[in-house]
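# Inside the fold
The chain contents come next:
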Amino acid sequence: MKNIKVYTKLVIGFIIIGIMLVLAIWTGYSTAKTIITVEDPQHYLRSYQICSAIFFVVAAAIMGSISFSMTRGIRKSTAQLSDVAHQISKGKVDIRLEKKNNDEFGELVDEYQKVVDNIRYQAEIAEEVASGNMTVEVTPRSSEDLLGMSLKHLVSRNQHALSGINEAAYQVSTSSSQVASASEALAQGSTEQASAIEQ
């Protein structure tokens, strides 16, 4: 029953109900047709009532089991999805969904897991950037992935800013070594002039 789609369960249930209804009508018709010619109609009517009761009990049992199965599956799946949505709304992203059936709700659980995985991936990227890793590579899921595209743009701009800072630091380092060389040359010239004056 776990691998049967909800739609298929409903169709099977309606087919069984239809078959039971046709059997009940056919039995009623044949009973009415036969009761006219039977010597003991009361006994025949009791047999018909027993047969009708059996049809009713079987149909009710089948409908009840299908209804119970479907209701339980829907309730479990929607409760799980609701719980996951509540956890995501609180910022929790390390969530694993358990697929209970391979029906439409199972497919919905699979799609929901993809959403959770994407949110987790984007949170991990943001965490890497926040910890100072500006070399992280961001891969948006699609061109409509607004958060993924924004993270990619943020990392790209940060990388550009860091390369500008590195370039400025290199220029400052070069300039300071030139100033240091000039200061050294000046100091040496001053020392030579002081020696010349002493003599």
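Here's what I pulled together on the structure shown here. (Residues numbered from 1 in each chain as written. Predicted model: local features only at pLDDT ≥ 70, side-chain atom pairs only at ≥ 80, totals over all residues. Heavy atoms only, no water.)

### With respect to empty space enclosed by the protein
Empty pockets left among the atoms are what a rolling probe the size of a water molecule brings to light. Keep this limit in mind: Whether a set of points on the 1 Å grid over the protein atoms alone is a cavity depends on a 1.4 Å probe fitting there but being unable to get out, while an open set qualifies as a pocket with protein on both sides within 12 Å along at least five of seven lines; lining residues are those with an atom within 4 Å of a point. Grid points are joined across faces, edges and corners, and a volume is the space filled by probe spheres set on the points. A run of DSSP states H or I qualifies as a helix once it reaches four residues; a run of E qualifies as a strand once it reaches two. Both are numbered from the N-terminal end. Three residue categories are used. Nonpolar comprises Ala, Val, Leu, Ile, Met, Phe, Trp, Tyr, Cys and Pro, charged comprises Asp, Glu, Lys and Arg, and polar comprises the others, including Gly.
All chains considered together, the criterion is met by 1 cavity of 30 Å³ or more. Within this model, the largest cavity holds a volume of roughly 30 Å³. Taken together, Val6, Lys9, Ser69, Met70, Gly73, Ile74, Asn101 and Asp103 form the lining of the largest cavity. Among the secondary structure elements, those contributing two or more residues to the lining of the largest cavity are α1 (6-35) and α2 (41-89). By residue number, the principal contributor to the lining of the largest cavity is α2, which donates 4 residues. Here the lining of the largest cavity is built from residues that sort into 3 nonpolar, 3 polar and 2 charged.

### Here's the deal with the packing of α2 against helix α3 (residues 104-130)
Threshold: For helices, the fitted axis covers only the stretch in contact; all axes are lines through C-alpha atoms, and the angles between them, taken along N-to-C directions, range from 0 to 180 degrees. Oblique is the label for any angle not covered by the other classes, which are roughly parallel (under 35 degrees), roughly antiparallel (over 145) and roughly perpendicular (65 to 115). Here, residues are in contact when the closest pair of their heavy atoms is within 4.5 Å.
Orientation of α2 relative to α3, taken along the N-to-C sense of each, is 10°, at an axis distance of 10 Å. Here α3 runs roughly parallel to α2, going by the angle between their axes. Along its contact with α2, which presents Ile74, Ser77, Thr78, Gln80, Leu81, Val84, Ala85 and Ile88, the element α3 presents Phe105, Leu108, Val109, Tyr112, Val116 and Ile119. Each residue belonging to the contact of α2 with α3 can be placed in one class, and the counts come to 11 nonpolar, 3 polar and no charged.

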